[in-house]
Amino acid sequence: MSAPLVLILNGPNLNLLGKRQPEIYGRETMADVEASCRALATALGLDLRFHQSNREYELIDWIHEARETARGIVINPGGLTHTSVSLLDALNAFEGRVVEVHVSQIHKREAFRHHSYVSHRADAVIAGAGTQGYELALRRIARLLGAKDA
Ligand code: CA2
């Protein structure tokens, strides 16, 4: 049987991870996060696709594709977290598992970051664990999917 596919999706500005505001987002880059998630996915017996986009429609298109192909989505929607009903609508049309990740602890920050549209759909939310949050999210999805050693 083929390995379950999990998508990791990253929204606007997360391409700047590790390059600006290290006091908030740390020093690891998106490429570092992708490398550690790929190693972990292999260990957990998961197939992984990793994407980042600054365009809302591209994230929505990946979620639509996932309806046919993927068992789980890890998503850091970036600033769209707090604004995008469309992203929530797309996730509501996806039947697999969803884990929302924020590198920073959004509840300790400005009030406008305290509400997440995506949290209305997410099966779990991880915020403030730094970039380790992505690995925790992948482990959670693996456990929910009954993957090996999860
Ligand atoms: O903490 C997170 O992961 C966020 O999703 C990041 C978003 C922010 O709007 C959310 O409230 C919380 C921002 C992504 C921008 O990332 C940057 C990284 C480094 C430098 C500048 C921006």
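Values in this document were obtained by computation on a predicted structure and should not be read as measured data. (Residues numbered from 1 in each chain as written. Predicted model: local features only at pLDDT ≥ 70, side-chain atom pairs only at ≥ 80, totals over all residues. Heavy atoms only, no water.)

Caption draft 1: Just the side chain of N10, in detail. Relative to the helices and strands, N10 is located in strand β1 (residues 5-10). According to the relative accessible area criterion, N10 is buried, its value standing at 0%. (Helix = DSSP H or I, 4+ residues; strand = E, 2+ residues; numbered from the N terminus. Buried < 20%, exposed > 50% of the residue type's maximum accessible area, 1.4 Å probe, protein only.)

Caption draft 2: Structural detail: the pattern of salt bridges. Across all of its chains, the model carries five salt bridges by this definition. Between R38 and E34 there is a salt bridge, with the nearest N and O atoms lying 3.0 Å from each other. Here R38 and its partner E34 are both found in helix α2 (residues 30-44), four residues apart, which amounts to about one turn of the helix. Looking at R38, the relative accessible area reads 35%, which means it is partly exposed. (Salt bridge = Lys/Arg side-chain N within 4 Å of Asp/Glu carboxyl O.)

Caption draft 3: Summary view of the site of the ligand. Taken together, 17 residues sit near the ligand, with N76, H82, V103, S104 and R113 positioned nearest. G79 places a polar main-chain atom, nitrogen or oxygen, 3.4 Å from an oxygen atom of the ligand. A distance of 2.9 Å is found between an oxygen atom of the ligand and a side-chain nitrogen or oxygen belonging to H102. For the ligand, whose free accessible area comes to 500 Å², the fraction covered by protein is 93%. One can see that the ligand is located within the largest pocket. Grouping the constituent residues of the shell around the ligand by class yields seven nonpolar, eight polar and two charged. (Near = heavy atom within 4 Å. Polar contact = N/O pair within 3.5 Å; in protein donor to acceptor, adjacent residues only side chain to side chain. Areas by Shrake-Rupley, 256 points an atom, 1.4 Å probe, with all protein chains shown as cover. 1 Å grid on protein atoms, 1.4 Å probe; cavity = no way out; pocket = protein on both sides within 12 Å on 5 of 7 lines; lining within 4 Å. Sits in = over half its atoms within 2 Å of the grid points. Nonpolar A, V, L, I, M, F, W, Y, C, P; charged D, E, K, R; others polar.)

Caption draft 4: View of the environment of V118. Within the element layout of this structure, V118 appears in the loop between β4 (97-102) and β5 (124-127). Residue classification places V118 among the buried residues on the basis of a relative accessible area of 0%. Taking the C-alpha atoms as reference, V118 lies 8.8 Å from L80; in sequence the two are 38 residues apart. Residues in contact with V118, not counting those within four places in the same chain, are I75, P77, T81, L87, L91 and E100. (Contact = heavy atoms within 4.5 Å.)

Caption draft 5: View of the nonpolar core. One finds V6, I8, C37, L46, V74, Y134 and L138 to be the most contacted residues of the largest nonpolar core, which totals 26 residues. Of all the secondary structure elements, the ones that give two or more residues to this core are β1, α2, β2 (47-52), β4, β5 and α5 (132-145). Of all hydrophobic cores here, the second largest spans 19 residues; its members include A70, L87, A90 and V98. (Core = buried A, V, L, I, M, F, W, Y, C linked by side-chain atoms within 4.5 Å.)

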